[in-house]
Amino acid sequence: MRVLLTSFLFALFAVELAAEEVVADLSQNRVSITANFDGSEILIFGAIKRDIAAPDDSDLDVIVTVMGPEKIETILRKDRRLGIWINVESEKLGLAPSFYSVAATRPVEDILNPLSDALWKITAEEQILSERRGLPAREALLRIRRDSGLYRRANDGVTLNQDTLFNTSIALPANLVEGTYITRILLARNGTVLDDYRTEIEVQKVGIERWLYNLAHDNAILYGLLSLFLAAIAGWGASEIFRILRR
Amino acid sequence: MQIFLPIAEVSVNAFVLLGLGGIVGILSGMFGVGGGFLITPLLFFVGIPPAVAVATSANQIVASSVSGVLAHFKRKTVDLRMGWVLLAGGLIGSAIGMQIFNVLKALGQVDLLVTLCYVVFLGIIGALMLVESLRALRRSKGRPGKARERTKHTWVHNLPFKMKFRASGLYISVIPPIIVGLVVGMLGAIMGVGGGFIMVPAMIYILGMPTKVVIGTSLFQIIFTTSFNTMLHAYTNQTVDLMLAMILLVGGVIGAQIGTQIGLRLKAEQLRIMLALLVLSVCLKLGFDLLIRPSELFSIGVL
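This report concerns the structure included in the present document. Just so it is clear, the structure is predicted and the values come from calculations on it, not from any experiment.

Procedures and definitions
Residues numbered from 1 in each chain as written. Chains lettered and ligands numbered in written order. Predicted model: local features only at pLDDT ≥ 70, side-chain atom pairs only at ≥ 80, totals over all residues. Heavy atoms only, no water. Pairing = 2+ DSSP bridges. Helix = DSSP H or I, 4+ residues; strand = E, 2+ residues; numbered from the N terminus. Axes fitted to C-alpha atoms, helices over the stretch in contact; angles between N-to-C directions. Core = buried A, V, L, I, M, F, W, Y, C linked by side-chain atoms within 4.5 Å. Buried < 20%, exposed > 50% of the residue type's maximum accessible area, 1.4 Å probe, protein only. Phe/Tyr/Trp six-rings, centres within 6.5 Å; stacked < 30°, edge-to-face > 60°. Lys NZ or Arg CZ within 6 Å of the ring centre and 35° of its normal.

What follows is about the sheet that holds strand β5 (residues 70-81) of chain A. Spatial ordering of the open sheet is given by β6(A)-β5(A)-β5(B), a layout of three strands whose pairing is antiparallel. With one partner strand each, in any of the chains shown, β6 (84-97) of chain A together with β5 (298-300) of chain B form the two edges of the open sheet. Each strand axis lies, on average, 25 degrees off the axis of its neighbour in the sheet, ignoring direction. Examined bridge by bridge, β5 of chain A and β5 of chain B share three bridges and lie antiparallel to one another.

And the structure:
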């Protein structure tokens, strides 16, 4: 039985694996959040390596996913109590990424069969808390994140040239969470994934952003005193400057 | 120009923040209030997380109060002794308020508490101020130059632990000022405000202090309670955003000076009516948001 299952899975992924491989690179592997950070655009490009000629009976597709750091999310639900709308219920959902983007040469549903989508966790439906599917709180999380542009999909976001060269650009939003962004580039044909390539993008605060954040967390008292000192100086400075100006 | 705020972790347009600081500064210069009650809800509107908005407003109020109190010191319109007594109550109140804030934050009810506090207090103060200033306006039209009545002898004057407050010309028990300080300190910690808009009427109507020392004294003690609040927020929640505070400050101090000039050209009663209407409109906006069914019933918890 196990042999049968293994060989079935093997057949599913591996048969064509040797035939076509993906080679890819990113325009940058590091995103620095500076004071004037306003989002970032990462170019992802690559080519398909072949030992034999490409089969012409089926279409080749490329899917690119980028996933931000995961965090255990809690969802609050509002309801009417005594005439006003308040949070009445909070539910811990489990790990969900702060950012998730899917770009492909055409809609993922057309590229992959549902089983491959589920195995490779491609669409947000499959990737994000798929075990809690149908739960209103989970659907709400997906809806809120989609509406705020944190979970995105671009159905024709990847350009594929002559079944060989591809490129796409992933726009990272301005309100980015620090951490490791896992990037996957997948090659698909006949509804299944042929090959995948994984890489990481490091997102980090730098300069004054890093310094302030660290100080606030590692040395809260000093940070508090610094805030007060600067506030007092600013208040005093303002009254002095305007006193001089008014003379 | 977008700017990324290190603690709030959102990117906001710096000019929007400067503008917000400026508008609030103009109002605080015109009306002699700290403006915390306006800046905190405005920060919610531009997408700053409530916890950060509350903590950062406290820091910003320190600066505007320092700026204001210096002018009052020069005019000798600060009752230091009263200030210290109010402060004693204020610090206890802040500590209590912070405990309430953190308990409700853990329960996911901070937004509700903050909004309810705003609706209730802005509503009461706004309505009282409007009624009072409309009456004053009518009176000034009828018989101009009528002297204000002497402070009435009320229950406040019958309590023990009396103390002499020379600058205010009062000889009253220390209990009422301590309680006023405590309540304002508590609300300040919860709402991210200095509490001037509650403190000033309380000093005039409950304590019976002369109007000329009220604002200076209130600002004096607000510096210390908001400093204490800033420290508590910075220490327990790490939610003070220095970058945000500094941008608001720059806008605020410039606005305050412009506001003072505008204020000098308007009549006191007109100013009070305008302030009352402003307070009431913020109250109504927040109140309606509680009553109307929100378009999204779910929200992602911030921990």
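Here we take up the nonpolar core. With 78 residues, the main nonpolar core has Tyr223 of chain A together with Leu5, Phe37, Leu43 and Ile48 of chain B as its most contacted residues. If one sorts the elements of this core by residue count, helix α5 (residues 110-142) of chain B sits on top with ten residues. Core analysis: the second largest hydrophobic core is formed by 56 residues, Ile48, Val158, Leu176 and Leu186 of chain A among them.

Our focus in this paragraph is the packing of aromatic side chains. Going through the model one piece at a time under the given rule, you end up with six aromatic pairs over all chains. Relative to phenylalanine 4 of chain B, the ring of phenylalanine 37 of chain A has its centre 6.1 Å away and its plane inclined at 80 degrees; by these criteria the two rings are edge-to-face. With phenylalanine 37 of chain A in the loop between β2 (30-33) and β3 (40-50) and phenylalanine 4 of chain B in strand β1 (residues 2-4), this residue pair bridges two chains. A residue is classified by how much of its surface remains accessible, and phenylalanine 4 of chain B, at 0% relative accessible area, is buried. When the centroid spacing of 5.3 Å and the interplanar angle of 65 degrees are considered together, the rings of phenylalanine 220 of chain B and phenylalanine 224 of chain B count as edge-to-face. Separated by four residues within a single helix, phenylalanine 220 of chain B and phenylalanine 224 of chain B lie in helix α8 (residues 211-236), roughly one turn from each other. Of the residues examined, phenylalanine 220 of chain B reaches a relative accessible area of 5% and is grouped as buried. Among the aromatic side chains, those forming a connected cluster through ring pairs are Phe73, Trp84, Phe220 and Phe224 of chain B. Lysine 205 of chain A extends its terminal NZ or CZ atom over the ring of tyrosine 213 of chain A, reaching a point 3.8 Å from the ring centre.

Any functional reading would require information beyond the geometric quantities listed.
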